[in-house]
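One-letter residues, chain by chain:
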Amino acid sequence: MARLVVALAVGLAAAASDLYVSTAGSDSDDGSADAPFRTIQHCHDVAAGATCHVSAGTYRETVTVASDASIKGEVGVIVSGLDVLDGLEWTQDAQECVYRAPVSRANISQLFYGGR
């Protein structure tokens, strides 16, 4: 009986742990302060009963909350569902105020340039 109580106590301690997220992390890391996850969603998915501490930075993802994990962000955390389209080749249209760039991604409903 004593072994069972010890196992339960260890399991409860592990479930109440703290996990960390950083824009410099990787979802293949262990989520510790020294090896944080990269995405808030991954941390949330593995953090049942734990707290995800999110470092300042811009996280370009959609987060679906479906567990009892807590998510705490530092000042300066931005969660954005926007994707950055790097490397576009812009050409000026016949109308001088219109520029075009081919984009290979489907389902773009809005496009912002320069934060607008």
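Everything below is about the structure shown above.
These figures come from a predicted structure and were not determined experimentally. (Residues numbered from 1 in each chain as written. Predicted model: local features only at pLDDT ≥ 70, side-chain atom pairs only at ≥ 80, totals over all residues. Heavy atoms only, no water.)

Caption draft 1: Region of interest: the sheet that holds strand S1 (residues 18-21). The strand order across the open sheet formed by three strands is S1-S2-S4, and the pairing between neighbours is parallel. The sheet is open, and its two borders are formed by S1 and strand S4 (70-73), each paired with just one other strand. Between one strand axis and the next, the sheet turns by 25° as a mean value, whatever way the strands run. Note that strand S2 (residues 51-54) and S4 share four bridges and pair parallel. Bridge pairing in S4 places histidine 53 opposite lysine 72. (Pairing = 2+ DSSP bridges. Helix = DSSP H or I, 4+ residues; strand = E, 2+ residues; numbered from the N terminus. Axes fitted to C-alpha atoms, helices over the stretch in contact; angles between N-to-C directions.)

Caption draft 2: Seen up close, the state of the cysteines. Here the structure, examined in full by the defined rule, presents one disulfide. Paired through a disulfide, cysteine 43 and cysteine 52 show a sulfur-sulfur distance of 2.3 Å. Residues cysteine 43 and cysteine 52 are joined by a disulfide whose S-S torsion is about -105°; by sign, that bridge is left-handed. Cysteine 43 sits in the buried class, given a relative accessible area of 0%. (Disulfide = S-S within 2.5 Å. Buried < 20%, exposed > 50% of the residue type's maximum accessible area, 1.4 Å probe, protein only.)

Caption draft 3: How the structure looks around the side chain of threonine 51. Here threonine 51 shows up in strand S2. In this structure, threonine 51 is in contact with Ser17, Asp18, Leu19, Ser70 and Lys72, ignoring residues within four places of it in sequence. (Contact = heavy atoms within 4.5 Å.)

Caption draft 4: Spatial organisation of the pairing of S1. Of the two faces of S1, the one holding Leu19 and Val21 is buried and the one holding Asp18 and Tyr20 is not buried anywhere. The pairing of S1 with S2 spans four bridges and is classified as parallel. By the bridge assignment for S2, aspartate 18 is matched with threonine 51. Regarding the hand of the β-α-β motif, the stretch spanning S1, helix H2 (residues 40-46) and S2 is right-handed. (Right-handed = clockwise from strand over helix to strand, strands pointing away.)

Caption draft 5: Quick look at the environment of arginine 38. Looking at where arginine 38 falls in the secondary structure, it is placed in the loop between S1 and H2. Residues arginine 38 and tyrosine 20, 18 residues apart in the sequence, show an inter-C-alpha distance of 8.8 Å. In this structure, arginine 38 is in contact with Val21, Ser22, Thr23, Gly25, Ser26, Asp27 and Tyr59, ignoring residues within four places of it in sequence. Reaching out from arginine 38, the side chain makes a polar contact with the backbone oxygen of threonine 23 at a distance of 3.3 Å. (Polar contact = N/O pair within 3.5 Å; in protein donor to acceptor, adjacent residues only side chain to side chain.)

Caption draft 6: How the structure looks around the nonpolar core. Within the largest apolar cluster, eleven residues are counted, these being Leu19, Val21, Phe37, Ile40, Cys43, Ala47, Ala50, Cys52, Val54, Tyr59 and Ala69. Those elements giving two or more residues to this core turn out to be S1, H2 and S2. (Core = buried A, V, L, I, M, F, W, Y, C linked by side-chain atoms within 4.5 Å.)

Caption draft 7: Structural view of the pattern of salt bridges. Taken as a whole and judged by the stated rule, the model has one salt bridge. In this structure, aspartate 93 and arginine 100 form a salt bridge, with 2.9 Å as the shortest nitrogen-oxygen distance. (Salt bridge = Lys/Arg side-chain N within 4 Å of Asp/Glu carboxyl O.)

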